Structures are given as C-alpha cells and as structure tokens.
Amino acid sequence: MPTRRTMLFGAALSGLALSAPAFAETAAEVDVTDPAELPRVKVDLVAPPFIHPHEQIASGGPRIVEFHMNIEEKEITIDDDGTKLHAMTFNGSVPGPMMVVHQGDYVELTLSNPDTNTLAHNIDFHSATGALGGAELTLVNPGERVVLRWKATRAGVFVYHCAPGGPMIPWHVVSGMSGAIMVLPRDGLKDETGKPLPYDRAFYIGENDFYIPRDEDGNYKAYGSAGEAYADMLEVMRGLIPTHVVFNGRVGALTGDAAMQAKVGERVLIIHAQANRDSRPHLIGGHGDYVWETGKFANPPQKDLETWFIRGGSAGAALYTFLQPGLYAYLTHNLIEAVDLGATAHFKVEGTWNDDLMMQIKAPEPIGSGQKVGQAGTMPGMDMAHVH
C-alpha cells in the first residue's frame, strides 16, 4: 500500500510515472544469497580527497558493509574573496565522502537528517538497481533517519546525489549534495590482458559547479538561509553558466599546502566525479597510464591519455605512475573554468629528477647572445641546474 510519503514524493517528480520497486528477482537474474547469513563490517567514512582504508582484492566472500552518513546544511566559503554558499552536504563535506565496497557486497546505509536542518533530503545511488537508485525509499524530513540496503552488482566508480524531486533535484546537487562510490572487482583492478593493476595511493576529486547570484553592482550576494537564496539561485542556474567550477568545494581546496602528496615511482588512482556537468581532466606534466573514462571496471582501460572525458552525472578513474618530482597541476582542460573559475588541484611529488625524461639544455637568455646549440664545441648548459 502506498504511503503518504511515497505519494508526496511521486507528486514532486512532476508527473514522472514510477513503477513500484521490485523487491524480489528471479534466481536466474541474481544471486539469491541470503544477506542475513553474511558477515558485517562497519566503515568510518573520511572527507575527500582521502578515501577510507579498504582492500583492493577482497579477502573473503560477500559481506554487508555498513555506512552512516549525516546530512548537514551549512554555510561554506567557496573562494578567497569570501563568497558564501548555503551548502547541502553528505557528512559535512563537499563533495560527500567516497564509499568503497566490492562487487557482490551489500551496501547498508543509515542516512540521518538531523532536526537542525530545514529541508527534506534523500540519496540516489547510480550504482544501485531500482527505486530511483534508492531515492524513492530514502526521503527523510528533518529529525528522521532511514536505513537502505542494496547489492553492488556492477564494478566501477559511480556518482551518488540527493534527488528529492522536481526543481529540488538540481538545486540540491549544485548546492554540494553529491558524492561517489567505488565498487571494486573482487579480484582487483586489471588491464585488458588480466594483468593486475594495484595502486599505492588513491584520491577522490569531486567537481562542483556553483551558481551564486549577484547584486546590481555585480557583487556576489549573501543570504540568511538556503531557502532565502532559492529563487535568485534558480534564476542563475537556468542560465546554465556557473559562477564557480571547483574541486572539493572551493577554489584552491587542493592546492598549496593542501596539495595531494605522492612519491616518484608510486602508482596513484585518481577518481574524478561530476554530478551535473561534463569535465575534461588533465594532469599537466603527466598522463593517464590506464583510464576508465566511463568509470566501469568491466570495460578495459584506455592507455596513455593526455585528457579524458567525464560525462555529467558520472565518475571516472585513472591510474598514473609519477616519474618525475615536482608540482603537477591537475585541472579540467576547459582552461577558462580551470584558471578563472577555480577547477584546479595540485599534486606535490617527491623524488629524484630523471634527466633522461627531461632536462633544460640552455637557460633563457637574450636572443642572439651566446653560442647556439649545435655549433662545434661542447654543448652549453650541460652543467646547469634543472628547472623542476
């Protein structure tokens, strides 16, 4: 029997016809393992760009992996000029935390909406099957919590986001309410030949587009609450031109002292998610050795990419072994968005420079001065310091 909650949720979807969620499937379609017989493990989530400890190769059979997330509505600063956004967040971070399980595991999420919040929220897992990715079964008002369990049947990295219905969906998403989940194959990542592809470190970069209204003088406006900002923000959103495009919640969130750390010789897994718009990740001075551009590990990775494409509403993954020390810029290669709107991050890599890969033969000097490269005699600049 439909409840008042499900009827209200259906109405909010502006007439979208919903079929009742299928709570049972035939044995021919899915493994009929009884979840009640499976072991359980609780996971403590961590804020991006970091990812909670996890096994790359599953040491046992399927299990129920328990997560708990609090929804938090809060004001955040999104740039160095002090621009404010009344953000909607999973667990207090923009983006929400990365969750990791293995294919065949069950995800059991307790989603809490404290009574200090003002809005109803839910969660749509792009990796889940049925009931709008769980959104139809997880709508919680302030002061409520819900528990959802779903089976991770497909391996890859996937977006999750809030989807409370109608115009609330894009508003909540561009207010920061999205995250990602990684479903690893039980035997780990592999290339097209079956060769294992382990990683030494993993980072999660969530890209967000924000739409902050301006006053008549062109200054960003501030509001007392998310509800107060809604009408003005919706007008900016409908123009489809973001005022900010950022990684991990604000301009510069992953630069300078907050740069992601690695060492020469380490293979790093970079997971990139965008819940709303397309993006074009590029690592300046590096490459994508192996890239799952669509984020699905059942497909073979592409190799040696310079730039890859993340479709709006999806996540992708790239592996790169750092070969030189120094500071690497990781950005979206829409350079206007990267430089002017904020979508840039840094990797700080320690190690020894490899002259065979690159060296400066001659330092900058006025044109026409000194000996030209290729003239008889010794090669100039061979004893000069490298520019790293």
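Before reading on, note that the structure itself is shown above.
Below or above, wherever it landed, is the structure these notes cover. Because the structure is a prediction, the values reported are computed rather than measured.

Regarding helix H3 (residues 226-238)
Given a rise of 1.5 Å per residue, 13 residues ought to cover 18 Å, and the 17 Å separating the end C-alpha atoms of H3 matches this to within 8%. Where H3 bends most, at Asp 232, the angle is about 40 degrees. All of the buried residues in H3 are Ala 226, Ala 229, Met 233, Leu 234 and Met 237. Positive backbone phi, at 60 degrees, marks Leu 240, one or two positions downstream of H3.

Re the side chain of His 172
Turning to its location among the elements, His 172 is positioned in helix H2 (residues 168-173). Once residues lying within four places of it in the same chain are set aside, the contact partners of His 172 are Met 88, Leu 119, Ala 120, His 121, Cys 162, Pro 164 and Met 177.

Let's talk about the sheet that holds strand E9 (residues 178-184)
Note on sheets: strands pair through backbone hydrogen bonds, and any given pair is parallel or antiparallel. With mixed pairing, 4 strands are arranged side by side in an open sheet as E4-E9-E8-E6. The open sheet terminates on both sides in strands that have one partner only, identified here as strand E4 (98-102) and strand E6 (124-125). Pairing geometry for E4 and E9, over 5 bridges, is parallel. Residue pairing across strands places Met 98 opposite Ala 180, the latter belonging to E9.

Description of the environment of Gln 56
By secondary structure assignment, the location of Gln 56 is in the loop between strand E1 (40-42) and strand E2 (64-77). A residue is classified by how much of its surface remains accessible, and Gln 56, at 25% relative accessible area, is partly exposed. When near neighbours in sequence (up to four residues on either side) are disregarded, Gln 56 contacts His 102, Leu 184, Pro 185, Gly 188, Pro 198 and Tyr 199.

Some points on the packing of aromatic side chains
Enumeration over the complete set of coordinates arrives at 12 aromatic pairs. Ring geometry for Phe 125 versus Tyr 160: centroids 5.6 Å apart, planes at 55 degrees, classification tilted. Taken together, the residues span a long stretch of sequence, with Phe 125 in strand E6 and Tyr 160 in strand E8 (residues 156-161) at a distance of 35 residues. On the accessibility criterion, Tyr 160 (0% relative accessible area) is buried. Between the aromatic rings of Phe 203 and Phe 347, the centroid separation amounts to 5.8 Å while the plane-to-plane angle is 75 degrees, which identifies the pairing as edge-to-face. Highlighted residues: Phe 203 in strand E10 (residues 201-210) and Phe 347 in strand E19 (residues 344-350), separated in sequence by 144 residues. The exposure class assigned to Phe 203 is buried, which follows from its relative accessible area of 5%.

Reading guide: rules and limits
Residues numbered from 1 in each chain as written. Predicted model: local features only at pLDDT ≥ 70, side-chain atom pairs only at ≥ 80, totals over all residues. Heavy atoms only, no water. Helix = DSSP H or I, 4+ residues; strand = E, 2+ residues; numbered from the N terminus. Expected span 1.5 Å × (residues − 1). Bend = angle between axes of the 7 residues up to and from the residue. Buried < 20%, exposed > 50% of the residue type's maximum accessible area, 1.4 Å probe, protein only. Contact = heavy atoms within 4.5 Å. Pairing = 2+ DSSP bridges. Phe/Tyr/Trp six-rings, centres within 6.5 Å; stacked < 30°, edge-to-face > 60°.

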